[in-house]
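Report on the structure
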Amino acid sequence: MSLTWMGLGELGSMLNRGDLSSVELTRHLLSRVSKADQALHAFTEVYADQALALAKAADQARSSRMPLGPLAGLPVVLKDLLDIQGHVSTLGSKHFVNRQANQTSATVERLLQAGMIALGKLHMTEFAFGGWGTNPLMGTPHNPWDLVTHRVPGGSSSGTGVAVAAGFAPAGIGSDTGGSVRIPSAFNGLTGLKVTYGRISLHATGLLSWSLDTIGPMARNVRDCALLLDALAGPDPRDPTTFAQPLEIFSRDPRSVKGMRLALPDAHQLPEFMAACVTQSWRNAAIAFESLGADVVPVRLPDGFFDLAAQTGRIIASEAHSLHRDYVDNPDVPLGPAVRQRIQAAASFKPGEYAQVLRTMHEQRRAFAQWFEAYDALLLPTVAIPALALAEVDEMSPLPGYLTRPINYLGLCALSLPAGFEGGLPLGLQIVGKSFDERTVLSLGQAFQSCTAFHLRHPDLSGVGL
């Protein structure tokens, strides 16, 4: 397999054997970025000189023959809401193109402490508020699975999805408030983990919704997501929400899936706009899990489960309005019209409505936890359709986050991974787990990828010189 399409685990083994150096790997990836990113538009900034300096340092450390961590000397790319002191963080907004960070996010700190090499920052939906991945002012990244038609990359971690799918990096970091790791993972054929709220510190991270935001890894396979989670998870005194989590190592000893009870909802509960190919790939995934020894249990989801997507949106809009109220109504501030409209909608909410929505959310979480006790995980499609052509997007449609937002609302974790293709476009499966039960969804994901090969496919990029 080409270096381009290897995962973190494989590349790390090559580095440890001396078959590859970090400098060689970094130069290879930077060359791909130089050749193709003008067409794909994933990066806001490429850290070429800094990345090579870090790669040289990693090679020097490896030559000492002292033990290094599994991520040492491996490249990673970063969504542009992770602050790095002295560098610009735009949060996907033209309004912030000159915003220089004065501190470094906990996520970047931990990746650098693990020895990783930051190749650069990536485009995103403005303020992380949108599931299609569009950005009219900063530019929408081009989904690499179709070089003829500009298709949406999924959002809001649009650049991360495109960069990893295009072989610019073996892994990247996104954020997920209502699906923003899982949607681009589904549209780009990647594996992406939405962690439980409070699992990864949000210190020095650009916020959309302080009640729902999470950071998550996006990679080529489940094990690579687990390796990144090992580095990122854990308490941080600067973010007290991280104190409640159990301490775990996620990349070791996946659990056996034999006998696990997986809830498979009645297909009639899925939305009417489901594409038949997505529904079929979801059913096929259930059959695959049965072949692995899991107990797939037909269920009916609690009434109103998918209606929670709208309630999630009310929380996001309310908190985004609080964060951006000083300029969202100023027509001279360059904001995308759809994002501006989503934020402004919160101004019409009645007094006390936000507090009542939060109260209801906590009640719903307790009720769903009781329903979920009988199962180890829940199987859902990630997005109802394959990636749309950009020209066909309705910015106000709830479609992209309809199947993902309820997971954030209910305080759960979820893994999206490739589960099929239609017309050359990837389709995603969502494995939903209980709060702080990432280990179970990762174990299920690894088992699925052991008996399928969807995650091994990659786009043909000969049309952009690669």
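Structure: above.
The model shown is predicted, which means the values in this text are computed figures rather than measured ones.

Turning our attention to the pairing of strand β10 (residues 413-422). Most of β10 is tucked away: nine of the 10 residues are buried. Summarising the sheet, β10 and strand β11 (residues 425-433) pair through nine bridges and their orientation is antiparallel. Residue pairing for β11: Gly 420 is matched across the bridge by Leu 427. Adjacent in sequence and paired antiparallel, β10 and β11 are bridged by two residues, among which Gly 423 carries a positive phi angle near 60°.

The next point concerns the layout of surface pockets. It is the rolling of a water-molecule-sized probe over the atoms that shows where space remains empty. What the largest pocket holds in volume is close to 620 Å³. Taken together, 32 residues line the largest pocket, and the ones lying closest to its centre are Phe 129, Gly 313, Arg 342, Pro 398 and Arg 405. Elements with a contribution of two residues or more to the lining of the largest pocket: α9 (308-324) and α10 (337-344). If you tally residues by element for the lining of the largest pocket, the top one is α9, at seven residues. Looking at side-chain class alone, the lining of the largest pocket contains 16 nonpolar, 11 polar and five charged residues. As a volume, the second largest pocket reaches approximately 330 Å³. Gly 69, Pro 70, Leu 71, Ala 72 and Ala 114 are, among the 22 residues lining the second largest pocket, the residues nearest its centre. At the level of secondary structure, the elements contributing two or more residues to the lining of the second largest pocket comprise α3 (48-63), α4 (106-113) and α7 (222-232). When residues in the lining of the second largest pocket are grouped by element, the largest group, four residues, is from α3. For the lining of the second largest pocket, the residue count by class is 15 nonpolar, five polar and two charged.

Tracing the chain through its elements places Asp 176 in strand β4 (residues 171-176). Assessed through its relative accessible area of 0%, Asp 176 is described here as buried. Placed 16 residues apart in sequence, Asp 176 and Gly 192 show a C-alpha to C-alpha distance of 9.9 Å. The residues touching Asp 176, leaving out its near neighbours within four places in the chain, are Val 181, Arg 182, Lys 194, Leu 212, Asp 213, Thr 214 and Asn 408. At 3.1 Å, the side chain of Asp 176 and the side chain of Asn 408 are in polar contact.

We now examine the packing of α9 against α10. It is the contact of α9 with α10, at a shortest axis distance of 8 Å, that shows an interaxial angle of 105°. Classified by the angle their axes make, α9 and α10 are roughly perpendicular. Within the contact between the two elements, α9 uses Ala 317, Ala 320, His 321 and His 324 and α10 uses Arg 342, Ile 343 and Gln 344.

Attention shifts here to the side chain of Arg 199. You can see Arg 199 is positioned in the loop between β5 (191-194) and β6 (214-219). A polar contact is formed between the side chain of Arg 199 and the side chain of Glu 438, at a distance of 2.8 Å. Setting aside chain neighbours within four positions, we find Arg 199 in contact with Leu 229, Leu 232, Ala 233, Gly 234, Gln 245, Pro 246, Glu 248, Phe 250, Phe 436 and Glu 438.

Let us now look at the packing of α9 against helix α11 (residues 353-372). Orientation of α9 relative to α11, taken along the N-to-C sense of each, is 135°, at an axis distance of 10 Å. Taken as axis vectors, α9 and α11 run oblique relative to one another. Viewed along their axes, α9 and α11 form a crossing whose handedness is left-handed. Residue-level inspection shows Leu 308, Gln 311, Arg 314, Ile 315, Ser 318 and Glu 319 of α9 in contact with α11, the latter providing Glu 353, Tyr 354, Val 357, Leu 358, Met 361 and Gln 364. Across the contact of α9 with α11, the residue classes tally to six nonpolar, three polar and three charged.

By definition, the strands of a sheet pair up through backbone hydrogen bonds, in either a parallel or an antiparallel sense. As summarised here, the arrangement of the 11 strands in space is β1-β3-β2-β4-β6-β5-β10-β11-β9-β7-β8, forming an open sheet in which the pairing is mixed. Unpaired on one side and paired on the other, β1 (43-46) and β8 (295-299) mark the two borders of the sheet. Across this sheet, the average inter-strand angle for adjacent strands is 30°, counted without regard to direction. Relative to the sheet, α4 contacts β2 (75-79), β4 and β6, its axis offset from that of β2 by approximately 175°. Along the sheet, α7 makes contact with β4, β5, β6 and β10, crossing β5 at roughly 40°.

Within the structure shown, the criterion is met by one cavity of 30 Å³ or more. By volume, the largest cavity amounts to about 40 Å³. If you trace the largest cavity, you find it lined by Leu 81, Ala 128, Ser 175, Thr 177, Leu 202, Thr 205, Gly 206, Leu 208, Asp 213, Thr 214 and Ile 215. Classifying every residue of the lining of the largest cavity gives five nonpolar, five polar and one charged.

Analysis parameters
- Per chain, residues are indexed from 1 in the order of the written sequence.
- Confidence filtering applies because this is a predicted model: local features only for residues at pLDDT of at least 70, side-chain atom pairs given and counted only at 80 or more, and all residues used for totals across whole chains, interfaces and linings.
- Side-chain metrics in this entry use all non-hydrogen atoms of the structure; hydrogen atoms and water are not considered.
- Think of it in three bands: with a 1.4 Å probe and only protein chains considered, a residue is buried below 20% of the maximum accessible area for its type, exposed above 50%, and partly exposed in between.
- Secondary structure elements follow DSSP: runs of H or I of four or more residues count as helices, runs of E of two or more count as strands, with numbering from the N terminus.
- Being paired, for any two strands, means DSSP has found at least two bridges between them.
- Every definition here rests on a 1 Å grid over the protein atoms only: cavities are sets of points where a 1.4 Å probe fits but cannot get out, pockets are open sets enclosed by protein on both sides within 12 Å along at least five of seven lines, and lining residues have some atom within 4 Å of a point.
- Grid points are joined across faces, edges and corners, and a volume is the space filled by probe spheres set on the points.
- Basically, the charged four are Asp, Glu, Lys and Arg, the nonpolar ten are Ala, Val, Leu, Ile, Met, Phe, Trp, Tyr, Cys and Pro, and anything else, Gly included, counts as polar.
- What makes two residues a contact is simply this: any of their non-hydrogen atoms within 4.5 Å.
- N or O atoms within 3.5 Å of each other form a polar contact, as long as, within protein, one can give a hydrogen and the other can take it, and as long as residues adjacent in sequence are counted only when both atoms are side-chain atoms.
- Only C-alpha atoms enter the line fits that serve as axes; for helices the fit covers just the stretch in contact. Angles between N-to-C directions range over 0 to 180 degrees.
- An angle below 35 degrees is treated as roughly parallel, one above 145 as roughly antiparallel, one from 65 to 115 as roughly perpendicular, and anything else as oblique.
- Handedness of a helix crossing follows the sense of rotation of the near helix relative to the far helix, less than a right angle counterclockwise being left-handed and clockwise being right-handed.

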